[in-house]
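Given next are the chains, with one letter for each unit.
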Amino acid sequence: MAGGRCGLQLTALLAAWVAAAAATAGPDQAALPAEQSRVQPMTASNWTLVMEGEWMLKFYAPWCPSCQQTDSEWETFAKNGEILQISVGKVDVIQEPGLSGRFFVTTLPAFFHAKDGIFRRYRGPGIFEDLQNYILEKKWQSVEPLTGWKSPASLTMSGMAGLFSISGKIWHLHNYFTVTLGIPAWCSYVLFVIATLVFGLFMGLVLVVISECFYVPFPRHLSEHSEQNQRSEEAHRAEQLQDAEEDKDDSNEEENKDSLVDDEEEKEDLGDEDEAEEEEEEDNLAAGVDEDRSEANDQGPPGEDSATQEELEPEETEEAISEQPCPADTEAVEDSLRQRKSQHADKGL
């Protein structure tokens, strides 16, 4: 009995000492529960909240050492969110692969600033002081925003989110096969390959059925009639081409004939001009001969002595003979004129 009483007394003393130690260490800490985090988790269902107001988002993974180093700084930044008038959120890329695809996250940790639906990438160290200055000094205004197809709200990034979410589901299914069920990894890969082939064949069959439903084939007589029309159109086009070629040939022949006629007319005109020139030359020669003869006749006036006339007659006759054209020269001139006329006649032919 005495031993039992001593044990009870020792227990009471130990409990009193523990209570006193807790009271002296910090009565407030013992009374208040753990403080709740101010960082809001973002998922595929509530991510549209960042489209309104000002936000800072952090993409992380539980296994990432760099992400774990910035957790305390991020919590401190979230506690001062009310003072900075900004909301702070975080996204677990393991649990939300769709959001990581929507923001096209390729490195961890990744930080984004959002202001009324306009997103910008924050590339700082992620410590509290730098984050606070980034908001207070509005350094985000000097950063190029993600616009166009790069914007997380665009249709392109929505499709990217769907692909990432599908890949995340496949990864979870692979872990279920290999970890939970204990199936070897190569068996899991074979199952995925077979499922991919079956899915592709099924989608091909669906497309064929849809095309057969919406495609209305033409009756046979209509198809034959269309073929005949095509043949007749082709024959008509061939005839038109032949007619066009014949018209071109005819026009070329007419042009050639016209050019030949023009050449002949030019040759005739040239021949006429040459004949006129030759006639002028003949007239000039005849006129020269007549003048020489008239001069010869005019020499020797009457009233002179017969002796002097007799002495001068032989000299005048010799000069007249020398001045008169020789018959050989006249024949040569006539021959040359005849040759020119014959040459012009040949050209005219």
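The shown structure was predicted, so the numbers you read here are calculated from the model rather than taken from an experiment. (Residues numbered from 1 in each chain as written. Predicted model: local features only at pLDDT ≥ 70, side-chain atom pairs only at ≥ 80, totals over all residues. Heavy atoms only, no water.)

1. Looking at the UniProt feature "transmembrane region" (unreviewed entry) in the chain
Reasoning step 1: Following the UniProt record, one finds the feature "transmembrane region" (unreviewed entry) at residues 189-210.
Reasoning step 2: Taken as a whole, residues 189-210 contains 100% helix and 0% strand, while its terminal C-alpha atoms sit 32 Å from one another. (UniProt positions renumbered as here; feature names shortened; annotations may be inferred. Helix = DSSP H or I, 4+ residues; strand = E, 2+ residues; numbered from the N terminus.)

2. A look at the pattern of salt bridges
Reasoning step 1: Across all of its chains, the model carries four salt bridges by this definition.
Reasoning step 2: In this structure, the salt-bridge partner of Arg-38 is Glu-82, at a minimum N-O distance of 3.7 Å. Residue Arg-38 is found in the loop between helix H2 (27-31) and strand E1 (40-41), and its partner Glu-82 is found in helix H5 (residues 81-84); the two are separated by 44 residues along the sequence.
Reasoning step 3: Classification of Glu-82 as exposed rests on a relative accessible area of 63%.
Reasoning step 4: Between Lys-115 and Glu-54 there is a salt bridge, and its shortest N-O distance comes to 3.9 Å. Of the two residues, Lys-115 is situated in strand E4 (residues 110-115) and Glu-54 in strand E2 (residues 54-60); the sequence distance between them amounts to 61 residues. (Salt bridge = Lys/Arg side-chain N within 4 Å of Asp/Glu carboxyl O. Buried < 20%, exposed > 50% of the residue type's maximum accessible area, 1.4 Å probe, protein only.)

3. Considering the packing of aromatic side chains
Reasoning step 1: For the structure shown, the criterion picks out 11 aromatic pairs.
Reasoning step 2: Seen in terms of ring centroids, Trp-74 and Phe-111 are 5.3 Å apart; in terms of plane orientation they differ by 40°. Their pairing is tilted. Taken as a pair, Trp-74 in helix H4 (residues 71-79) and Phe-111 in strand E4 lie far apart in primary sequence, 37 residues in all.
Reasoning step 3: By relative accessible area, Trp-74 is classed as buried at 2%.
Reasoning step 4: Since its relative accessible area comes to 3%, Phe-111 is described here as buried. (Phe/Tyr/Trp six-rings, centres within 6.5 Å; stacked < 30°, edge-to-face > 60°.)

4. Notes on the packing of helix H8 (residues 155-180) against helix H9 (residues 185-214)
Reasoning step 1: One way to put it is that H8 packs onto H9 with a least axis distance of 9 Å and a crossing angle of 135°. By the criterion of interaxial angle, the relationship of H8 to H9 is oblique. With respect to the hand of their crossing, H8 and H9 are arranged in right-handed fashion. Counting all contacts with H8, which are made through Ile-170, Leu-173, His-174, Phe-177 and Thr-178, the residues of H9 involved are Ala-185, Ser-188, Tyr-189, Leu-191 and Phe-192.
Reasoning step 2: Residues of the contact of H8 with H9, tallied by class, amount to seven nonpolar, three polar and no charged. (Axes fitted to C-alpha atoms, helices over the stretch in contact; angles between N-to-C directions. Parallel < 35°, antiparallel > 145°, perpendicular 65-115°, else oblique. Left-handed = near helix turned anticlockwise from the far one by under 90°. Contact = heavy atoms within 4.5 Å. Nonpolar A, V, L, I, M, F, W, Y, C, P; charged D, E, K, R; others polar.)

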